[in-house]
Amino acid sequence: MAADVVQPASLLRRLRGPLLVLVLLLAPTAVWPELFAQLGDTLDSTARVARRVLAAGIWLAGAWLVVRLVDAIVWDGLVAPRLGGKVPGLLKDVVAAGIFALALTGVLALVFDLDVTGFWATSGVVGLVLGFALQSMIADVFSGIALNVDRPFQLGDWVRLSNRAREHIIGEVVESNWRSTRLRCVDGTLVVVPNGWIAREIVTNLTRPRVESRFDMRFCLDFDVPVERALRILEAGVRSARGVLADPAPKVRVYGPTRTGVEYEIRYWLRCAETSPSKGRHAVACAVLDQLHRAGLSLAYDKHDVYTAAMPPRQLDIRADREKILHRVELFADLEPEEAHTLAAAMREVRHGRGEDVVRHGEQGDSMYILVEGLMEVWVPSGRVPDAKGPVLVGQIRAGEFFGEMSLLTGEPRSATVRAATEVVAFEVRKTDLEPLLLARPALAGVITAKVAERRLRSQRRLAEADAPPPTAQETQALAAQILGKMRSWLGVG
Ligand code: CMP
């Protein structure tokens, strides 16, 4: 095209208009003196005006000619081939405006004998004021020139303009002029973007250097979906999407694990002139979701795993949980389930109010008690305590402990009165129920006799003096051995 422009014939054709005007204006000057002499002195002022008009016309026609020459030789002949396309109209206009401004200065200075220094100074001030007032518009215009020279995009290109906040506009460039660039967006709107704004944004040309551009989309699938399966399904999805190019081929990659599942990235190529980015995204999303649905998979979502188990019993029932209660009593903790079952079935539940005696000192007794709930006090008559006014408190029985074992084991009368200090619930174990156990488990007899010995000694000490020290281990053992012998003969065991 450029070579065509510099052809003489073509050049002449383009210069025809200004040349004709220039020749027409210059022609009168050849016959000027004669022409004005004939008009006479009276028409002198008219002649002066006509001369100035003619001269001004010659200046402006000359400027026009220069503009055309610059157009043909500089822009189209030299610059266009280097730019590889049309020279931006905006640039040509600015240069043309400069040439006309110079011509105007020539007219003012040489035709009208005016001082152009004042003109330029005034225009400088005016320019300054205008510059401030039209700051953004001027920025847009100059950005427009820069864009035209830089050519980040051309008409018909698809571009994405992104700002720092990562918001973006995607559209097809349909016009780019002095002040703004118009994009036809995928939502059917026409967006007018000031050139100054474009100059500050990141411009991604989706159709250059190649007409295909790559897009990506991520899907998150559950951890338990095998990766190779996920890749297969997602690839099938993206490949079946309308508008997605087969070459370059779409790809699916593992992007990485997230809190919800494994994220996969699908990369696909579109020709934006044929399939807009949003249409492509829609097609890919639909096709992938369809493939996932067919494979019986759903996208990963936030979830919590909850495992259920039978709730352990929160409280023991005195009637239903007799065996468990028995196992909590130190004395019977090691019973076999069968033994515990038999003993639990034989026990009798007794309840007493506060202040009631469960066992009375001196009475005969052939049963012992396991205290389940409440507190008991053990009282012994003060017979041998000189200054004691009444019975002496020798001990307490707490829940889980037993009492009344001494008479049961030895056949002796009750050694103390055991009184309910609160409401109490206890199990009564009769001699006949305990005997089989003592026969089967000699160790049980040992534990009970040790307790009997310890209590007996404690009571004796308590009766002897108020602050008596607890019985020693030897004392307890010696007494326990005696009691054990007595017990064996009484119960007929061992
Ligand atoms: P037993 O003699 O059959 O009846 C009274 C019960 O009181 C006795 O068995 C023991 O179980 C209990 N007992 C006697 N002395 C004490 C003591 N010092 N501490 C705790 N309990 C005792």
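Residues numbered from 1 in each chain as written. Predicted model: local features only at pLDDT ≥ 70, side-chain atom pairs only at ≥ 80, totals over all residues. Heavy atoms only, no water.

A. Looking closely at the overall build of the chain. When helices and strands are counted, the chain shows 16 helices and 16 strands. The C-alpha radius of gyration computed for the chain amounts to 57 Å, which surpasses the reference 23 Å derived for 494 residues by more than 25%, pointing to a less compact arrangement than a globule. Counting all 494 residues of the chain, 39% fall into the buried class. For the chain, contacts bridging at least 24 residues in sequence account for 67% of all contacts bridging at least 6. Accessible surface computed for the chain: about 29100 Å², of which carbon and sulfur atoms make up 57%. (Helix = DSSP H or I, 4+ residues; strand = E, 2+ residues; numbered from the N terminus. Rg over C-alpha atoms; globule rule 2.2 N^0.38 Å. Buried < 20%, exposed > 50% of the residue type's maximum accessible area, 1.4 Å probe, protein only. Contact = heavy atoms within 4.5 Å. Areas by Shrake-Rupley, 256 points an atom, 1.4 Å probe, with all protein chains shown as cover.)

B. Geometry of the site of the ligand. Near the ligand, the surroundings consist of 15 residues, among which G404, E405, R414, S415 and S459 are the closest. Residue M406 places a main-chain N or O atom 3.5 Å away from an oxygen atom belonging to the ligand. S459 is positioned such that a nitrogen or oxygen atom in its side chain is 2.9 Å from a nitrogen atom of the ligand. When isolated, the ligand has an accessible area of 460 Å², and the protein chains bury 98% of it. Going through the elements one at a time, β13 (392-397), α13 (405-410) and α15 (442-464) are the ones with two or more residues in the shell around the ligand. (Near = heavy atom within 4 Å. Polar contact = N/O pair within 3.5 Å; in protein donor to acceptor, adjacent residues only side chain to side chain.)

C. Fine view of the pattern of salt bridges. For the structure shown, the criterion picks out 29 salt bridges. Salt-bridge contacts for E265 lead to R218; the nearest nitrogen and oxygen are separated by 3.2 Å. One end of the pair, E265, is in strand β8 (residues 262-271); the other, R218, is in strand β6 (residues 212-221), and 47 residues separate them in sequence. Taking relative accessible area as the criterion, R218 reaches 40% and is therefore assigned partly exposed. Put simply, R210, E212, R271 and E274 are held in one network by salt bridges that share partners. (Salt bridge = Lys/Arg side-chain N within 4 Å of Asp/Glu carboxyl O.)

D. Here's a closer look at helix α10 (residues 277-294). With 18 residues, α10 extends 26 Å between its outermost C-alpha atoms, agreeing within 8% with the 26 Å of an ideal straight helix rising 1.5 Å per residue. Every buried residue of α10 is listed here: P277, G280, A283, V284, A287, V288 and L292. An end-on view of α10 places all buried positions within 160° of arc, on one side of the element. Facing away from the buried side of α10, by more than 90 degrees, are the exposed residues K279, H282, H293 and R294. Tucked inside the fold, the buried residues of α10 contact β1 (158-162), β2 (168-176), β6, α9 (227-239) and β8. A positive backbone phi angle near 80° is found at G296, which sits one or two residues after α10. (Expected span 1.5 Å × (residues − 1). Arc of directions from axis to C-beta.)

E. Spotlight on unusual backbone geometry. Here R208 and P209 are connected by a cis peptide whose omega angle stands at 0°. At the junction of D247 and P248, the peptide bond is cis and its omega measures out at 0° in the coordinates. Relative to the helices and strands, P248 resides in the loop between α9 and β7 (251-257).

F. Layout of the state of the cysteines. Going through the model one piece at a time under the given rule, you end up with 0 disulfides. The closest cysteine sulfur to the non-disulfide-bonded C185 is located on C272, 13 Å from its own sulfur. We note that C220 lacks a disulfide partner, and the nearest cysteine sulfur, in C286, lies 19 Å from it. Taking relative accessible area as the criterion, C220 reaches 15% and is therefore assigned buried. (Disulfide = S-S within 2.5 Å.)

Fair warning: the whole summary comes from geometry, so function is off the table for now.
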